[in-house]
Amino acid sequence: MDPQLYPWIILFTPLAAAGVILFVFSRRPTAAGSIAVVAAVLACFLSWRVFLDPSLTVTAQIPWIEIPGVFSVPIGIILDNLSRVMLVVVTSIATLVFIYSAGYMRGDEGIPRYYAALCLFLFSMLGIVLADNFVMMFIFWELVGVSSYILIGHYFRKNSAADAGKQAFLVNRVGDFGFMLGILMLWLATGSVVFSAVEANLSSVTLHPGYLTAACLLVFCGTIGKSAQMPLHVWLPNSMEGPTPVSSLLHAATMVAAGVYMLARIFPVLLAAPEVVREVILWIGAVTCFAAGLMATQQDDIKRILAYSTISQLGYMVVGIGVASTADAAMFHLFTHAFFKCLLFLCAGSVIIALHHEQDIWKMGGLLRRMPVTALCMLAGGLALAGTPFFSGSFSKDNIIEWAWMNNRAGFWVTASAVFLTAIYTFRLLFVVFLGRPRGEHAEHAKESPLVMTLPLVILAVPAVIAGYPWFRRFFFEEMPHAGAPAAAHTIILAFLGAGAVLAALLYLRGPAKDPVRIPLFANRLYIDNFYDWLVARVQGGLAVLSSWFDRWIIDGVFATGAARTVWAAGYVLRLLQVGNLQAYAFFFGAGVVAVLYFLVFR
Amino acid sequence: MTPSPLLSLILIPLVTALFCMAGAAPRRISIFGAGANLLLSLYLLASYNQAIGGFQFVSENPLFAAYGISFSLGVDGLSLVLLLLCTLVTFAAVWVTPKIEKQEGMFYACLLFISVGAVGAFASIDLFFFYAFHELALIPTFLLIGIWGSGERQRIAWKVTIYLAFGSFILLLGLIGLWLAAPDNLRSLDIRMLQQLGYAGLLSPGPAVYLLLLFGFGILIALFPFHTWAPEAYASAPAPAAMLHAGVLKKFGLYGLLRLAVPIFPAEIQQFAHLLLVLLLGNILYVGFVTIAQKRLNLMLGYSSVMHMGYAFLGLAALNQLGLGGMALMMFAHGLTIAALFALCGEIARRTGTLEFSELGGMAGITPKLGLLFGFAAMASVGLPGFSSFAGEILIFFGAFARGATGCFNWFQTATALALWGVVISAVYMLRAYRRVFWGGRGTAVKDEIADISAGSRWAIILLLAALLVTGFRPGLLLEYLNPVFAYLPQ
C-alpha cells in the first residue's frame, strides 16, 4: 500500500470504528470492545510505521470549504517531528488504555457507548495532531471536547457526573471563544489559516504589535481551556467523574496536552510576536503549576489528587513554552508526563476497582502487600512525577525549570518551589495508600487486579522510568539546545524535592487516620470553584432572569398587553394614525426607541 | 405556458393537500406526496446546469399584463438549496406527525399548504407571487396553532397572525416602493429584471424602501426587538407545524433579503450596517440570555431559534461572499436542526405530558435512542464541527471579521467578537437542557413504561441529521450552488 495513505488511515480508522459500533454493535459490548481495540492497534501500528519513515510527507489534501479566490480551508496533513512523536505517543497510550478498559468496564451497561466515544476521541485527537491549519485544528479541538463531554458523563444518572460533563464542555467553549477570535485575527493579518503560511506572512503584521499580541493571547485562550490552566482549570478535577481509563487517556496523557501541542505547533508565531506574549504564557503556567500544587496537597480523592497534579504538570509545560528557546522543552515534558501520568491513573483505577469503587485515600492503606504489581508500578510513576533523579520526570521537568533560571528568575523560584509541593502530594499519596494499616473493610480484603489491567501497567512503567534518558530521548527528539543553567539551579531543585519528601514522610509515614495538618484554603481549592458557582448562579442566572423578565413585560408585555390598558387614553392618537391595532402601536414604539438609540449613538 | 418541473414542485403538495381535505387516507398520501417532492428537488439540484448558472427551469405565464404580473417560476443555486431544505423538512414533518384526533385530513392539508407556500415563494421570480405565496402559508399556520395547538392556542394564534400580517404589510409597502423606484419604462415585477437594474445602478429606491424591507422581512424573521411572537408560537404549535414554520417558512424573510436587498441595496446595507449590527447582537446576546432563563423545553427551543437568526443577519451585514455564502449555508443547517429539535421535543411531550425541566430528567436511561438523537440535534444546534451549522457559522464569522482591518477593531470586528460569545451562550442553554431532560436523576414525569422513539419517527429525524452531517463534512456540496450567486461581490 502507498505509505502516503497511512496518515489518512490512521486518522479515519477510529472514526469508522465509532460509526460501526454506533450503528451495528450498539447492543454487543464484546464486539464493540474488540472493534475499538483492533482500530487502536491498527492506528498504533501504522503510526509507528510513519514514525520510523522520516522521509514520508503527505501532500494530498481534502478540500473542506472552498470559495474560489476568497477562502479555503483544506483538511491537510502535516508530518514533522512534532506530529510524528505525538502520533506514536497518542496511539500507543490509547491502545493500552483501550485494552485496560476491557477489564475496568467489565459489567458496565454502556460499554458500546463508551467505546464509540473513545474511538471518536481518538479520531479527534489524531486530527489535532495531524492538522496543518488553524481551522482544521479547531474542528478537531471541538470534537475532542464533545467526546470528553460524553465520556465524563458516562455515568449520566449520577448528578455529579452529568454536571461535570456539562461543565467541561462549557469551560472549554469559553477558551475556544478566545481561540476562534485569535484565529480570525491571525487570518485577517496574514491572509491564510494554514500554519506555514501564517508563519511566513507574519512579517506584514509586525506593524501592529498590539494587534499581534492580542491575537496570540487569544489563541492561547484555547490552551487555557483545553489544558486546564488558571483560571479555567476548574473542569479538570470535576472530569474525574468519568471512568478512570478516560481520566487516564483524555484528562491526563493526551487530550489536555493538546493545548501545549498547539502552542508548540505555532511556536514560530509566538517567537515572532512581541515578547510580552511569552511572558504572559510563562506566568499563567507558573501560577497554575504552583496553585494547583497547593490544592493537590489537601485533596482526599485519589483521582482528584492526580487531577490537580496534572494541572500542575501542564503548567510546567506551558512555562516551557514561555521560557525555552525551543518548543521541544515543553514537548519533552509532555512526552514523559504522558507515560507516567497515564500509568498513575491506571494504577489508581486498579486500586479503585480492587476496593469496589472506593476513591477516598483515607479508606485505603497497606495495599503494598495486597497489590504488589500495582503498588510498584505506582511507585515508579510517583517517583517520575515528583522528579526524582534517574526517573523520567526529573529530566524533562528540571530542564524547564533550568530554562526559567536562565530567562526569568522570578519564574524559576515559583516553578522550583512547586517541586516542593509536587513531592509532598506525591509521597502523601504513596504513603497513605500503600503503607501502614488498611483503614477500611475494602482495603483489608483488596486483591491484585486481573492481568488485562496489570499488563498495561507494567508496559507503561518502563517508559515512565526510562523515557527521560538522553539515549531514549534522542530516538524521539532532535538534539535540544541546552538551557545552560549552573549547577546551583539544579541543587536548588533537588533541595526542594528533598524537603518535600521529608515533610511528607514526617506527616504521613506514621499512618495517621486523617491529615495531621488541615488547611481549608487548599482543601477548598482556593475557593475558585465557589466563585464560579456564584458567577454562574448569580451573575449569569441573574442576567438571564432579568432579560427574560424584560422580554416578557417590556418588549412583549408593554408593547402589546400593557398598551391595551392605556389605549383608551391614547386612542385619539392612534385614530389619527389610522391604524387600529396594538401591534402597530408596538411597532411604532419599537421603531421609535431604535431610531432614538441609533441617532444618539452613531450621529 | 412553458411547462417547468418547478410547477410540479408546487402542484404535488397542493394536490396532495386537496386529496387530504377530500378525505383520502391523509397520512399515507402525504408521506407519498412529500417524498415525491423531495426526490424532485434532488433531481432539480442534480440537473441544474452549473456551467451556465443563473435562473433555470424558467417558465413565464403573464397573468395581468396591465400590471406586469406574471406567474413566473425559476430557480438559481440559492433557491435550489432552500427548496431542498423545504422538501426535506416537509417530508420529515408529515412523517413524524402522530395520530391526530380531530380533523386529521385538515391537519395534513395545512402542513402541505405551508409547504406549497414556501416552495412557491422560493421558486417564484415574480415579486407578486413571491409575496403572495408566503401570505398563503400564513393561513395554515394560523389554523394549525389555533385548532391543534396547546396552551392558550387561540390567543397565540391571533397574536402571531396579526404580528406576521403586520410585518407582511410593511414588507408590501417596501415592495411597492421598490416597484415604483424603477424608471417608468423599465418598471417590472420580475426579480431577475430588478436584480439586473440593481447591478447596473439604474434602480435606487433609497434608504426608506430598504428600511421597509429590512423591518418587514425582519419581523417575519423575528429580528430583535420584533421577536416576541416566535417563541410563543413555536411552543404552542403542534410539533410538525413548528418544524415547518421555524425550519422553513421563517427562512422566507432571509431569502427575501438575499434576493432583493443584497443586489439592489448594497449601499443602504452599508449605510445602516451599524443599526443592523446592534439589532443582531440583540438577537444573539440579549435573546441568548432570555433563552438561558427558560424553564420549558419548547419555549427554550423557540428562543434559541430566534437567537440563531442573529448569525444570519451578521452574514447579511458583512455583505461579502463569505458572509452571504455562510448565511445561506447556515439557513439550510438551521432549518434542519430546529426541525429535528422540535420533532424530538414533540416526542418527549407525548411521552411525559410535560416539557417543564423541573419535571423531566434521566430520560437517556429509559429512551436511549431518543436521547442519542436529541444529543446529535443539540450538538448541531450549538454548531459542533461535522454539522453544516458549523460551516455556516464559521463562514459568517470570517466574512464579518474580514470587514475590518489589522490594527484597531472596527464595528464589524467588535460585533463579530461579541457574536462569537453567542457560541458559548448557545452551549450553555443547550447542554443545560440536555442535562435536565436526559441526564441526572429521574424526573417526576418520567415513568418506567415510557417507550423509546418509534422506528418511523426515528428514521425521519435520522434523515434530517444525515443531511446535516453530509453537508457538514462536505459543505462544498451546497457551496458549489451558493458560491456563484454571490461571486460578483467583492471579497
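Remember, it's a predicted structure, so these values are computed and weren't measured experimentally. (Residues numbered from 1 in each chain as written. Chains lettered and ligands numbered in written order. Predicted model: local features only at pLDDT ≥ 70, side-chain atom pairs only at ≥ 80, totals over all residues.)

**Some details on the overall build of chain B**
Each helix and strand counted, chain B has 21 helices and four strands in total. In terms of overall dimensions, chain B is globule-like: its C-alpha atoms have a radius of gyration of 21 Å, near the 23 Å expected for 491 residues. Each principal axis of the C-alpha atoms in chain B carries an extent, and together these give about 70 × 60 × 45 Å. Taking all 491 residues of chain B together, 64% fall into the buried category. Within chain B, contacts between residues at least 6 apart in sequence are counted, and of these 80% link residues at least 24 apart. (Helix = DSSP H or I, 4+ residues; strand = E, 2+ residues; numbered from the N terminus. Rg over C-alpha atoms; globule rule 2.2 N^0.38 Å. Buried ≥ 20, exposed ≤ 12 C-beta atoms within 10 Å, placed from the backbone. Contact = placed C-beta atoms within 7 Å.)

**A few points about the overall build of chain A**
Scanning chain A for helices and strands turns up 26 helices and two strands. Referenced to the eigenvectors of the C-alpha coordinate spread, the extents of chain A come out at roughly 95 × 55 × 55 Å. Counting every position in chain A, which comprises 603 residues, the buried fraction comes to 57%. Summarising the internal contacts of chain A: among those between residues at least 6 apart in sequence, 80% fall at separations of at least 24.

**Overview of the interface of chain A and chain B**
Counting from both sides, the interface comprises 48 residues of chain A and, opposite them, 51 residues of chain B. Mapped onto the side of chain A that touches chain B, the elements with two or more residues apiece are strand 1 (61-67), helix 5 (134-152), helix 6 (159-190), helix 25 (528-577) and helix 26 (582-602) of chain A. The leading source of residues in the side of chain A that touches chain B is helix 6 of chain A, at 14 residues. Of the residues assigned to the side of chain A that touches chain B, the class counts are 32 nonpolar, nine polar and seven charged. (Nonpolar A, V, L, I, M, F, W, Y, C, P; charged D, E, K, R; others polar.)

**Points about the environment of Gly178 of chain A**
All names here are of chain A. Its place among the elements puts Gly178 in helix 6. Distance from Gly178 to Leu217, taken between C-alpha atoms, is 8.3 Å for residues 39 residues apart in sequence. Apart from residues no more than four positions distant in its own chain, Gly178 is found in contact with Leu218, Cys221 and Gly222.

**What about the environment of Phe140 of chain A?**
Residues and elements named next belong to chain A. Turning to its location among the elements, Phe140 is positioned in helix 5. Between the C-alpha atoms of Phe140 and Phe121, which are 19 residues apart in sequence, the distance is 9.2 Å. When sequence neighbours within four positions are dropped, the list of residues in contact with Phe140 reads Ser124, Gly127, Ile128 and Ala131.

**As for the environment of Gly500 of chain A**
All names here are of chain A. Of note, Gly500 is situated in helix 23 (residues 487-508). Considered as a pair, Gly500 and Ile424 are 76 residues apart in the sequence and their alpha carbons are 4.8 Å apart. Apart from residues no more than four positions distant in its own chain, Gly500 is found in contact with Val419, Phe420, Leu421, Thr422, Ala423 and Ile424.

**What about helix 1 (residues 5-22) of chain B?**
Residue and element names in this part refer to chain B. The end-to-end C-alpha distance of helix 1 is 25 Å, a good match for the 26 Å that 18 residues give at a rise of 1.5 Å each. A maximum bend of about 25° is found in helix 1 at Leu11, where proline Pro13 lies one to four positions downstream. All of the buried residues along helix 1 are Leu6, Leu9, Ile10, Ile12, Pro13, Thr16, Ala17, Phe19 and Cys20. Contacts from the buried residues of helix 1 go to helix 2 (26-47), strand 1 (56-59), strand 4 (73-75), helix 3 (77-96) and helix 4 (104-123). (Expected span 1.5 Å × (residues − 1). Bend = angle between axes of the 7 residues up to and from the residue.)

**A closer look at helix 19 (residues 411-438) of chain B**
Residue and element names in this part refer to chain B. Between the first and last C-alpha of helix 19 there are 40 Å, a value that for 28 residues agrees with the 40 Å anticipated at 1.5 Å per step. The buried count for helix 19 comes to 22 of 28 residues, which makes it a mostly enclosed element. In the stretch just after helix 19, Gly440 is the one whose phi turns positive, near 80°.

**Overview of the confidence of the model for chain A**
Residue and element names in this part refer to chain A. Overall, the prediction assigns chain A a mean pLDDT of 86, with 92% of residues at 70 or greater. Considering only residues more than four positions removed or in separate chains, one finds that residues 562-574, a stretch of pLDDT under 50, has 10 contacts. Long-range and interchain partners of residues 599-603, a stretch whose pLDDT sits below 50, account for one contact in this model, where long-range means more than four residues apart. (pLDDT = per-residue confidence, 0-100.)

**Description of the packing of helix 4 of chain B against helix 5 (residues 127-148) of chain B**
All names here are of chain B. Running from N to C, helix 4 and helix 5 cross one another at 160°; their axes reach a closest spacing of 8 Å. The orientation of helix 4 with respect to helix 5, classified from their angle, is roughly antiparallel. Helix 4 and helix 5 meet at a crossing whose hand is left-handed. Along the contact surface, helix 4 presents Phe107, Cys110, Phe113, Ile114, Val116, Gly117, Ala118, Gly120 and Ala121, while helix 5 presents Phe129, Phe130, Phe133, His134, Leu136, Ala137, Pro140, Thr141, Leu143, Leu144 and Trp148. (Axes fitted to C-alpha atoms, helices over the stretch in contact; angles between N-to-C directions. Parallel < 35°, antiparallel > 145°, perpendicular 65-115°, else oblique. Left-handed = near helix turned anticlockwise from the far one by under 90°.)

**Focus on unusual backbone geometry**
Across the junction of Met230 of chain A and Pro231 of chain A, the peptide omega takes the value 5°, indicating a cis bond. One can find Pro231 of chain A in the loop between helix 8 (209-226) and helix 9 (235-238). Between Phe224 of chain B and the following residue, Pro225 of chain B, the backbone shows a cis peptide bond with an omega angle of 0°. By secondary structure assignment, the location of Pro225 of chain B is in the loop between helix 8 (207-221) and helix 9 (229-236). Positioned with a positive phi, Ala228 of chain A is a non-glycine residue whose angle comes to about 55°. Relative to the elements of secondary structure, Ala228 of chain A occurs in the loop between helix 8 and helix 9. By the C-beta count within 10 Å, which is 30 here, Ala228 of chain A ends up buried. Within the chain, His357 of chain A stands out as a residue other than glycine whose phi angle is a positive 65°. Turning to its location among the elements, His357 of chain A is positioned in the loop between helix 15 (328-354) and helix 16 (367-370).

**Topic: the packing of helix 6 of chain A against helix 19 of chain B**
The contact between helix 6 of chain A and helix 19 of chain B brings their axes to 10 Å, and the two run at 165°. Taken together, helix 6 of chain A and helix 19 of chain B sit at an angle that is classed as roughly antiparallel. Handedness of the helix 6 of chain A/helix 19 of chain B crossing: right-handed. Touching Ala162, Lys166, Phe169, Leu170, Arg173, Val174, Phe177, Met180, Leu181 and Leu184 of chain A of helix 6 of chain A are Thr416, Ala417, Leu420, Trp421, Val423, Val424, Ala427, Val428, Leu431, Arg432 and Arg435 of chain B, all from helix 19 of chain B.

**Looking at the pairing of strand 2 (residues 71-76) of chain A**
Two faces, one strand: in a regular strand the side chains alternate between the faces of the sheet. Residues and elements named next belong to chain A. Residues Phe71, Val73 and Ile75 of strand 2 are buried on one face, while the alternating residues Ser72, Pro74 and Gly76, pointing to the opposite face, are not. Summarising the sheet, strand 1 and strand 2 pair through six bridges and their orientation is antiparallel. Residue pairing for strand 2: Ile65 is matched across the bridge by Val73. Connecting the antiparallel pair strand 1 and strand 2 is a turn made up of three residues, with Gly69 showing a positive phi of about 80°. (Pairing = 2+ DSSP bridges.)

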